[in-house]
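Chain by chain, the residues:
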Amino acid sequence: MVNEHLNPRKRFAVNTILSVASWFFPLALAFIATPIVVRGLGNEQYGIFAIALGFVSYAFSSGIGRISAKYIPELRSSGGPGKISEVVSATFWLTLAVGVLQAVGLALFAPFLVSDILLVSPDLSREVVYALYLASAGGLLLMTSYVFQFVLQGLHRFDSLALMSSLSAILLNVGNVVLVVWGYGVWSLLTWNAVVFGFIGIFYYLSARRSLPELSFTLNIGKATFLSISKYASSIVIYQSLVSVLFIFERTWVVRHFGTESLTFYVIPLMLAFYMHGFISSVVQVLFPVVNELINDRARMINLYKKATKIVLVAIVFIVGNYISSGRLFLHLWISPEFADNSYHLLVILSLATGLNALGLVVWQLAEAFKHPNLNVLSVVLWLSISIPLMVVAVDPWHSEGIAVARLIGVLQTIPMILYIEKKFLGGFFWRFWLGIILRAGIAALLMMLVESQIIGRSVVGWFSLFVAVAAGGLVFCGALLLVGYFSKAELDMAKRMIFRRPSGTAA
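Everything in this summary refers to the structure shown in the same document.

Conventions used here
Residues numbered from 1 in each chain as written. Predicted model: local features only at pLDDT ≥ 70, side-chain atom pairs only at ≥ 80, totals over all residues. Heavy atoms only, no water. Helix = DSSP H or I, 4+ residues; strand = E, 2+ residues; numbered from the N terminus. Axes fitted to C-alpha atoms, helices over the stretch in contact; angles between N-to-C directions. Parallel < 35°, antiparallel > 145°, perpendicular 65-115°, else oblique. Contact = heavy atoms within 4.5 Å. Nonpolar A, V, L, I, M, F, W, Y, C, P; charged D, E, K, R; others polar. Patch = residues over 30% accessible without salt bridge, like charges linked within 9 Å, V, L, I, M, F, W, Y side chains within 5 Å. Areas by Shrake-Rupley, 256 points an atom, 1.4 Å probe, with all protein chains shown as cover. Salt bridge = Lys/Arg side-chain N within 4 Å of Asp/Glu carboxyl O. Lys, Arg positive; Asp, Glu negative; His and termini not counted. Charge placed at Lys NZ, Arg CZ, Asp CG, Glu CD. Buried < 20%, exposed > 50% of the residue type's maximum accessible area, 1.4 Å probe, protein only. Expected span 1.5 Å × (residues − 1). Polar contact = N/O pair within 3.5 Å; in protein donor to acceptor, adjacent residues only side chain to side chain.

It is worth spelling out the environment of Asp-341 at this point. On the secondary structure map, Asp-341 appears in helix H12 (residues 337–359). Residues Asp-341 and Leu-331, ten residues apart in the sequence, show an inter-C-alpha distance of 8.7 Å.

Below, the structure is given as structure tokens:
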């Protein structure tokens with residue numbers, strides 16, 4: 001357990017690297033596997049697969065497990081480790097109860113969803129119904145595994161998280177590719193996914209027990225603990241359920257109007273946008289245990305908040321900028337010219353929407369740390385109430401792009417929510433801070449996109465051209481950030497110390 005021997009700064013840096021690694025390795029595997037699976041299944045069958053995976057990802061309230069990540073660092077720092085088993089047990093039983101209800105509900109309503117909501121053609125309806133049955137089983141297994149993932153997060157065991165995440169990615173992606181190459185279809189892939197979710201959940205549990213030997217399950221949960229956790233969990237369930245409604249409605253609206261093949265053209269760029277969101281989440285999740293430890297130290301929390309926000313913003317701007325300038329060529333090479341023609345504009349719109357949503361992840365962590373997840377519920381309610389009516393209105397004149405724009409307009413509510421949560425928990429609006437970092441990051445992004453566009457426009461279509469363009473753009477971006485002073489000298493010096501120097505007396 002190397003992390004426990006490092007000083008807080010070094011440990012934070014190591015945890016961040018491990019967390020990003022747990023995002024990058026699955027991304028690399030998915031990058032290889034996705035085009036193989038798409039071509040193997042075909043656009044229509046992959047659309048069915050995407051419908052089922054959408055329900056696995058969004059119809060289950062996986063965030064209940066965050067209660068463990070919230071309470072474990074608090075109890076360990078406040079001298080109450082004896083209550084950890086009680087908290088984790090309550091979280092698990094609550095997660096299991098909610099998960100069973102959601103799985104049974106999805107299974108019961110699957111025929112109605114397929115025939116009356118998704119409006120799937122009769123020749124495909126039976127296949128989609130069975131796919132949703134498998135999705136309900138996979139979603140339940142995935143949901144319960146999250147409890148122990150968050151236990152590891154609360155213990156700062158990002159090394160174990162990275163290992164488990166990598167193992168899961170290998171099993172899922174390699175298994176999917178092998179099944180497709182052997183000629184198996186959607187049902188086999190979904191069955192394999194459910195099996196992997198179950199095994200990985202067991203591995204997460206064993207890793208959590210090894211990291212926290214005193215952890216044990218109990219039904220003897222105090223009333224105060226149960227009420228506190230239930231209140232906290234209710235807001236998480238509500239806002240995740242609302243997000244699920246939005247995401248499922250979005251896919252449903254595409255399928256109803258344009259069929260499962262069009263859903264494939266929509267979900268691939270959405271998946272790329274979610275990869276960015278996953279990267280930002282991998283950085284921000286390291287903050288959650290730290291924020292809970294600094295809950296009574298506003299000055300240090302503000303300092304941490306500003307540093308985290310600068311990192312998050314620059315990552316979003318860099319990724320979205322690359323999607324805009326290089327996304328068409330990437331889709332062309334990665335999957336096919338047909339995908340580039342049908343999905344590039346969706347990639348631009350959806351990456352902007354997802355980037356803005358990811359920018360709010362830091363304040364979401366603040367709201368949950370201060371036990372106000374109801375603010376996240378409000379944020380999602382605003383998003384839902386804006387986006388869904390706009391999707392209904394925009395689908396006929398602007399097709400899939402109209403649905404994507406509706407998502408983007410709804411996400412704009414993130415901006416006032418950021419400002420409100422800053423004021424409520426950190427004591428003020430950081431106008432000058434925001435204007436400074438947006439201006440500096442914007443200048444760097446514009447220069448990067450200009451360089452990449454010029455190289456791509458003057459080069460032969462190929463992976464080498466794409467690599468040269470992105471590499472040159474990245475160098476320009478980093479150089480511009482240094483020139484405009486995006487990161488202060490103190491921040492750069494601190495980064496150098498954390499990366500290149502080992503504090504005396506720490507373990508290797």
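Still more ground to cover, so stick around.
Between helix H14 (residues 374–411) and helix H15 (residues 414–426), the shortest axis-to-axis distance is 10 Å and the interhelical angle comes to 170°. By the angle class used here, H14 and H15 are roughly antiparallel. For the pair formed by H14 and H15, the contact residues are Leu-375, Leu-378, Ser-379, Leu-382 and Val-411 on the first element and Thr-414, Met-417, Tyr-420, Ile-421, Lys-424 and Phe-425 on the second. Classifying every residue of the contact of H14 with H15 by side-chain character gives eight nonpolar, two polar and one charged.

Attention shifts here to a negative patch on the surface. A cluster of acidic residues, Glu-44, Asp-123, Glu-261 and Glu-338, forms a negative patch at the surface. For Glu-44, the position within the fold is in helix H2 (residues 43–58). For Glu-44, a relative accessible area of 42% puts it in the partly exposed group.

Our focus in this paragraph is helix H9 (residues 260–284). Taking 1.5 Å per residue as the helical rise, H9 with its 25 residues ought to reach 36 Å, and the 34 Å between its terminal C-alpha atoms agrees with that figure. For H9, the tally of buried residues reaches 21 of 25 residues, placing the bulk of the element in the interior.

Before going further, it helps to spend a moment on the environment of Trp-253. With respect to the secondary-structure elements, Trp-253 resides in helix H8 (residues 223–258). Residue Trp-253 is classed as buried on the basis of its relative accessible area, which comes to 14%. Trp-253 sits 150 residues away from Ile-403 along the chain, and the two C-alpha atoms are 8.2 Å apart. Residue contacts for Trp-253: discarding those within four places in its chain leaves Met-391, Val-392, Val-395 and Ile-403. There is a polar contact of 3.2 Å between the side chain of Trp-253 and the backbone oxygen of Met-391.

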